[in-house]
Amino acid sequence: MSLRLGDTAPDFEQDSSLGTIKFHEWAGDSWVVLFSHPADFTPVCTTELGLTAKLKPEFDKRNVKAIALSVDPADLHKTWIKDIEETQKTVVGFPIIADADKKVAALYDMIHPEQSATATVRALFVIDPKKKIRLSITYPMSTGRNFDEVLRVIDALQLSDAYTVATPGNWRDGDDVIIPLSVQDPELIKQKYPKGYTAERAYLRVTPQPNK
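A brief look at the structure comes next. (Residues numbered from 1 in each chain as written. Predicted model: local features only at pLDDT ≥ 70, side-chain atom pairs only at ≥ 80, totals over all residues. Heavy atoms only, no water.)

Brief notes about the pattern of salt bridges
The final tally for this structure, using the stated rule, is nine salt bridges. A salt bridge links Glu48 to Arg145, with the nearest nitrogen and oxygen atoms 2.9 Å apart. Of this pair, Glu48 sits in helix 2 (residues 43–54) while Arg145 sits in the loop between strand 7 (133–139) and helix 6 (147–163), and the two are 97 residues apart along the sequence. Across this residue pair, the class does not change: Glu48 and Arg145 are buried. Through salt bridges with shared partners, one network takes in Glu58, Lys61, Arg62 and Asp155. (Salt bridge = Lys/Arg side-chain N within 4 Å of Asp/Glu carboxyl O. Helix = DSSP H or I, 4+ residues; strand = E, 2+ residues; numbered from the N terminus. Buried < 20%, exposed > 50% of the residue type's maximum accessible area, 1.4 Å probe, protein only.)

Structure representation (structure tokens):
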């Protein structure tokens, strides 16, 4: 199954390090970062889960819940969490899905046979409160993810949803953003962007003030 941006994230019920997860119910009205790992106790995965745990305050500010996945069982996840907390000096407060039967991996196309016939690649999905997939990134097994980029994209998505704007390349929170081409009416532009804008190189720019 190939998932595309704008698709509804598949719902599932599966065991985890924190008990049974009914995914859509667990997500509630939050944004979600769902990300998979090849296996427990692997060094790259350990650093990634440690980073995610340390980013909890940043996720909380953005109304984001994190949830990880590997095809190992829940008991092994719980043992691994102790190792993560000891080596990465943090507390893992988010669940790790125990996808031993690979049900969730199949729903989200996380197993790529040319990489491994049994283990998940480093897939990551950002899912909004309407359960729509807004971002998907797939990393090879040997490469750890850039979680600063994940936060940057979440900021851009939330800003775009709130203010009908687009973000240029390398945009960071606080930078100028772009009025999308779908907004052309001059009066509507004045209403939607009362703090002002400038015409430059055939597009309009505006810096709204996000409510964070």
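What follows picks up the thread again.
Some points on helix 4 (residues 74–88)
The end-to-end C-alpha distance of helix 4 is 20 Å, a good match for the 21 Å that 15 residues give at a rise of 1.5 Å each. Of all the residues in helix 4, the buried ones are Ala74, His77, Trp80, Ile81, Ile84 and Gln88. Viewed along the axis of helix 4, the buried residues span an arc of 115°, placing them on a single side of the element. Exposed residues lying more than 90 degrees from the buried face of helix 4 are Asp75, Lys82 and Glu86. Packing partners of the buried residues in helix 4 comprise helix 2, strand 4 (64–70) and strand 5 (96–98). (Expected span 1.5 Å × (residues − 1). Arc of directions from axis to C-beta. Contact = heavy atoms within 4.5 Å.)

Some details on the packing of aromatic side chains
Pairs of aromatic rings are described using the distance from one ring centre to the other and the angle between the two planes. A complete count under the given rule lists seven aromatic pairs for this structure. Both rings, one in Phe23 and one in Trp26, keep their centres 6.3 Å apart while their planes meet at 20°; by these two values the pair is stacked. Of this pair, Phe23 and Trp26 both sit in helix 1 (residues 23–27), three residues apart, which is roughly one turn of that helix. Clustering of aromatic rings is evident, with ring pairs tying together Phe12, Phe23, Trp26, Tyr108 and Phe125. (Phe/Tyr/Trp six-rings, centres within 6.5 Å; stacked < 30°, edge-to-face > 60°.)

What about unusual backbone geometry?
Phi is positive for Lys89, close to 55°, though the residue is something other than glycine. Tracing the backbone through its elements, the reader meets Lys89 in the loop between helix 4 and strand 5. With a relative accessible area of 67%, Lys89 lands in the exposed category. You will see that Asp109, though not glycine, has its phi angle at about 55°, which is positive. With respect to the helices and strands, the residue Asp109 is situated in the loop between helix 5 (103–107) and strand 6 (122–127).

Examining the side chain of Glu48
Among the residues examined, Glu48 registers a relative accessible area of 1% and is labelled buried. Reaching out from Glu48, the side chain makes a polar contact with the side chain of His37 at a distance of 3.3 Å. (Polar contact = N/O pair within 3.5 Å; in protein donor to acceptor, adjacent residues only side chain to side chain.)

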